[in-house]
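# Overview (structure and organization)
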Amino acid sequence: MVSSPANGKPVQNGTTEEYDFDIFSIGGGTGGVRAARWSATNFGARSAVCEVPFDYIASETQGGLGGTCVLRGCVPKKLLSYGGEFINEFKAAEGYGWSLNGKPTHDWGRFMATKRKELKRLNDIHSNMLEKAGVKMIEGRGKIVDPHTVSVQGKKYTSKFILIATGGTPAVPNIEGKDLCVISDAVLDTMKRPDKMVIVGAGYIACEQACIFNNFGTEVHMLYMEDVALQGFDLECRKHVEEEYQRQGIHMYPTFCPQKVQKDPDGHLTVVARDPQGKEMALTGMDTVLMATGRTPNSKGLGLEEVGVELEKNGSVKVDEENRTTVPSIYAIGDVCTKLPLTPVARMEGTHLARRLFGGQKILSDYTYIPSVVFSSPHVAKVGLDEDQAVETYGDIRVYSNTFRPLKDTLSGHEGKGLMKVVVNDHNDKVVGIHLVGAEVAEILQGFAVAMKAGLTKTELDDTVGIHPSSAEELTTLRDPVRLYKDKKEVKINK
């Protein structure tokens, strides 16, 4: 029997009426909503989503449609980033003849109120999208009872396919005083901006929050175990942007790990940290300590292992190339898996899952040339392989890079410089990596990511006419390599 919902589009793979639904998503974030909505709208599947009630900070019982990205990640982070960068615009305006007649003032409470209003609007939009698509929204925390049954608030629902789309949650190191610290959920919704704060970690969340609060006037200190911030990005870019962070006044302590956090008699916090050589230091008088030390898959308490779904050592759900778990009727997408923990990746996986399960399409998600950006000040963007990865993968590599001062900054007085870098496979001239540092480089990189997906070569990049004057045109003017590698070893450039 083929289900025929109101939109009149049959489920091409067919389904029997022995189940309440064709697909049931546990989790109403980007991936879960996309999979359920696409399955219903495009293929007529009977879809359901369960999600805990809305709140700005997630917990075992609170969350909301939209998930981490919309409610306590990408969107609020970007809004705070926009807000903080106005201070740099105010400073730049003076170089263009504007007079502000005094120091600009900021109302943090009003800002948080308008941000909250926008997040609630987005949450409502997700609810309306599901309703219009005919997706059943069930409020509550879901738990798998058997390969085709989910229990929510004590009521059982059966489904031909079950989807795990529960995302991830911040990881906090087990140190003395960890309960005195906050996670990214809370710092993005704080009603009082801290005057002084410590951020533990140096990944994209840590660096973004450091720049946001630094721009708003908070004294920011960063502790991290790595030698250089932003592990996972190109090393040349990491070193460049680290200098930019320090130039803007962020205090950075590489290789220092927190040992304990304690509350002082005056109510402030002290963080004791130590480096690998045993050197200790104490950061005193802090208002906030943010733990930005990574995220863990949100896979606990779902009944996964009880029904035979295997997990990786880190708690992520083990899936195959079709996002199928070790139980054939149960799938998993997004940050709860071992794939790339990026919102657009979860959206892609949800779309492709719907097309496979109900559209009869043999399509797999492609994880090559997926761009990502750190929305710090300045932004850091990448697509493809970094220099070290390219050398290890292809052996013979050409590297092009250059630092430059954007035209806007020639009058603004801003001393920072941008960086453009292109990594090329010397065997076939293919561009295998592009790395950018500067203002709004996300807007630049998206188009180049499309070109790389289509097989962009360095010759084609050189033959492209740039837009003048713009920062983006720098990528079309990198003519001479700065480094060459043969058989994985750097060789001298003959000039």
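Residues numbered from 1 in each chain as written. Predicted model: local features only at pLDDT ≥ 70, side-chain atom pairs only at ≥ 80, totals over all residues. Heavy atoms only, no water.

### Looking at the overall build of the protein chain
How we decide: Secondary structure elements are defined from DSSP: runs of H or I of at least 4 residues count as helices, runs of E of at least 2 residues count as strands, and each element is numbered from the N terminus. The globule rule used here is 2.2 Å times the number of residues to the 0.38 power, and the radius of gyration it is set against is calculated over C-alpha atoms. We call a residue buried when its accessible area falls under 20% of the maximum for its residue type, exposed when it is over 50%, and partly exposed in between, using a 1.4 Å probe and counting protein chains only. Any two residues whose heavy atoms approach within 4.5 Å at even a single point are treated as in contact. The Shrake-Rupley method, run with a 1.4 Å probe, gives the accessible areas here. Residue values count only the displayed protein chains as cover. A residue counts as positive if it is Lys or Arg and as negative if it is Asp or Glu; His and the chain ends are not included. Where a charge lies is defined by one atom per residue type, namely NZ (Lys), CZ (Arg), CG (Asp) and CD (Glu).
Along its length, the protein chain carries 12 helices and 23 strands. Since a compact globule built from 495 residues should have a radius of gyration of about 23 Å, the 25 Å found for the protein chain is in line with a globular shape. Along the three orthogonal principal directions, the C-alpha set of the protein chain runs to about 70 × 65 × 50 Å. Relative to its 495 residues, the protein chain shows a buried fraction of 50%. Put simply, of all contacts in the protein chain between residues at least 6 apart along the chain, 62% involve residues at least 24 apart. Accessible surface computed for the protein chain: about 23,200 Å², of which carbon and sulfur atoms make up 51%. Here the protein chain carries 59 positive and 64 negative side-chain charges, and the mean point of each set is 3 Å from the other.

### Looking at the packing of aromatic side chains
What counts is decided by this rule: Aromatic rings from Phe, Tyr and Trp, with only the six-membered ring used for Trp, were paired whenever their centres fell within 6.5 Å, and each pair was classed as stacked if the ring planes differed by under 30 degrees, edge-to-face if by over 60, and tilted otherwise. Charges are assigned to positions over rings by a cutoff of 6 Å between ring centre and Lys NZ or Arg CZ, combined with an angular limit of 35 degrees from the ring normal.
Under the definition given, this model contains 11 aromatic pairs. Three or more aromatic residues link up through ring pairs in this structure, and these residues are Trp 108, Phe 111, Phe 213 and Phe 216. The ring of Phe 54 carries the charged tip of Lys 120 above its face, separated from the ring centre by 5.4 Å. Residue placement shows Lys 458 over the ring face of Tyr 400; its charged tip is 4.1 Å from the ring centre.

### What about the packing of helix 1 (residues 30–43) against helix 8 (residues 343–359)?
Rules: Angles here are taken between N-to-C directions and fall from 0 to 180 degrees, while the axes themselves are lines fitted to C-alpha atoms, restricted in helices to the stretch in contact. In this scheme the crossing of two helices becomes right-handed for a clockwise turn of the near helix relative to the far one and left-handed for an anticlockwise turn of less than a right angle.
Taken N-terminus to C-terminus, the directions of helix 1 and helix 8 make an angle of 30 degrees; their axes are 8 Å apart at the nearest point. Considering how the two elements wind past one another, helix 1 and helix 8 form a crossing that is right-handed. Packed against helix 1, whose contacting residues are Thr 30, Gly 31, Arg 34, Ala 35, Trp 38, Ser 39 and Phe 43, the element helix 8 presents Thr 343, Ala 346, Arg 347, Gly 350, Thr 351, Ala 354, Arg 355, Phe 358 and Gly 359 at the interface.

### Thoughts on the sheet that holds strand 11 (residues 257–263)
Operational definition: For two strands to pair, DSSP has to find at least two bridges joining them.
Taken together, the three strands give an open sheet; going across it, the order is 11-12-13, and neighbouring strands pair in antiparallel fashion. Looking at which strands have only one partner, the edges of the open sheet turn out to be strand 11 and strand 13 (280–286). Averaged over all pairs of adjacent strands, the angle between strand axes in this sheet comes to 20 degrees, irrespective of strand direction. Two elements, strand 11 and strand 12 (residues 269–274), share six bridges in a ladder whose sense is antiparallel. The residue bridging Val 261 from the neighbouring strand is Val 271, located in strand 12.

### Focus on the nonpolar core
The condition that has to hold: Note on terminology: a nonpolar core comprises buried Ala, Val, Leu, Ile, Met, Phe, Trp, Tyr and Cys residues joined through side-chain atoms within 4.5 Å.
The biggest cluster of nonpolar side chains holds 34 residues, and the ones touching the most others in it are Ile 199, Val 220, Met 222, Leu 230, Tyr 245, Ile 250 and Val 380. Within the residue set of this core, elements represented by two or more residues are helix 4 (108–133), strand 8 (196–200), helix 6 (204–215), strand 9 (219–224) and helix 7 (235–247). Top contributing element to this core by residue count: helix 6, with seven residues. Listed in part, the 23 residues of the second largest apolar core include Ile 138, Leu 304, Val 309 and Ile 330.

### Quick word on the sheet that holds strand 9
Taken in spatial order, the four strands line up as 10-9-8-14 in an open sheet, and their pairing is parallel. In the strand order of this sheet, the two ends are held by strand 10 (251–254) and strand 14 (288–291), each with one partner. Taken over all neighbouring pairs, the strand axes of this sheet differ in orientation by 15 degrees on average, direction set aside. Pairing geometry for strand 8 and strand 14, over four bridges, is parallel. When the bridges of strand 14 are listed, Val 198 appears paired with Val 289. Relative to the sheet, helix 6 contacts strand 8, strand 9 and strand 14, its axis offset from that of strand 9 by approximately 165 degrees.

### Things to note about the packing of helix 1 against helix 4
For clarity, the threshold we go by: Note that the term roughly parallel is reserved for angles under 35 degrees, roughly antiparallel for angles over 145, roughly perpendicular for angles of 65 to 115, and oblique for everything else. Any residue that is not Ala, Val, Leu, Ile, Met, Phe, Trp, Tyr, Cys, Pro, Asp, Glu, Lys or Arg is counted as polar, Gly included; the first ten are nonpolar and the last four charged.
The contact between helix 1 and helix 4 brings their axes to 9 Å, and the two run at 25 degrees. As judged from the angle between their axes, helix 1 and helix 4 are roughly parallel. Between helix 1 and helix 4 lies a crossing of left-handed hand. The residues of helix 4 that touch helix 1, namely those facing Val 33, Arg 37, Ala 40 and Thr 41, are His 126, Met 129, Leu 130 and Ala 133. Tallied by class, residues from the contact of helix 1 with helix 4 come to five nonpolar, two polar and one charged.

### What to know about unusual backbone geometry
Geometrically, the link from Ser 377 to Pro 378 is a cis peptide bond, its omega value of 5 degrees lying close to zero. When you line up the elements, Pro 378 lands in the loop between strand 17 (372–374) and strand 18 (379–384). A cis amide bond links His 468 to the next residue, Pro 469, at an omega of -10 degrees. Note on placement: Pro 469 falls in the loop between helix 12 (458–463) and strand 22 (483–486). With a phi angle near 55 degrees, Tyr 369 is a residue other than glycine that sits in the positive phi range. Among the secondary structure elements, Tyr 369 is positioned in the loop between helix 8 and strand 17.

### Some thoughts on the pairing of strand 22
In this structure, strand 19 (residues 397–404) lies alongside strand 22, joined through three bridges in antiparallel fashion. Considered in strand 22, the bridge of Val 399 is made with Arg 483. Looking at chain direction, strand 22 and strand 23 (residues 489–491) are connected through three bridges and run antiparallel. Looking at the pairing, Lys 486 lines up with Lys 489 of strand 23. If you look at the hairpin formed by strand 22 and strand 23, you'll find two residues sitting between the two strands, and Asp 487 has a positive phi there, around 50 degrees.

### Points about the side chain of Lys 115
Topologically, Lys 115 is positioned in helix 4. Setting aside residues no more than four positions away along its own chain, Lys 115 makes contact with Pro 76, Leu 79, Leu 80, Leu 188 and Asp 189.

### Topic: the side chain of Ser 184
Mapped onto the secondary structure, Ser 184 falls in helix 5 (residues 184–187). On the basis of relative accessibility, which here comes to 8%, the residue Ser 184 falls in the buried class. If sequence neighbours within four positions are ignored, Ser 184 has contacts with Pro 170, Ile 205, Leu 290 and Arg 295.

### Quick word on a nonpolar patch on the surface
Test applied: Patch membership is restricted to residues that have no salt bridge and whose relative accessible area is over 30%. Joining uses 9 Å for like charges and 5 Å for the nonpolar side chains Val, Leu, Ile, Met, Phe, Trp and Tyr. Salt bridge, as used here: a side-chain nitrogen of Lys or Arg that lies within 4 Å of a carboxyl oxygen of Asp or Glu.
A contiguous nonpolar patch, built from Phe 86, Phe 90 and Leu 100 and spanning about 260 Å² of accessible area, is present on the exposed surface. Relative accessible area serves as the criterion here: at 48%, Phe 86 is assigned to the partly exposed category.

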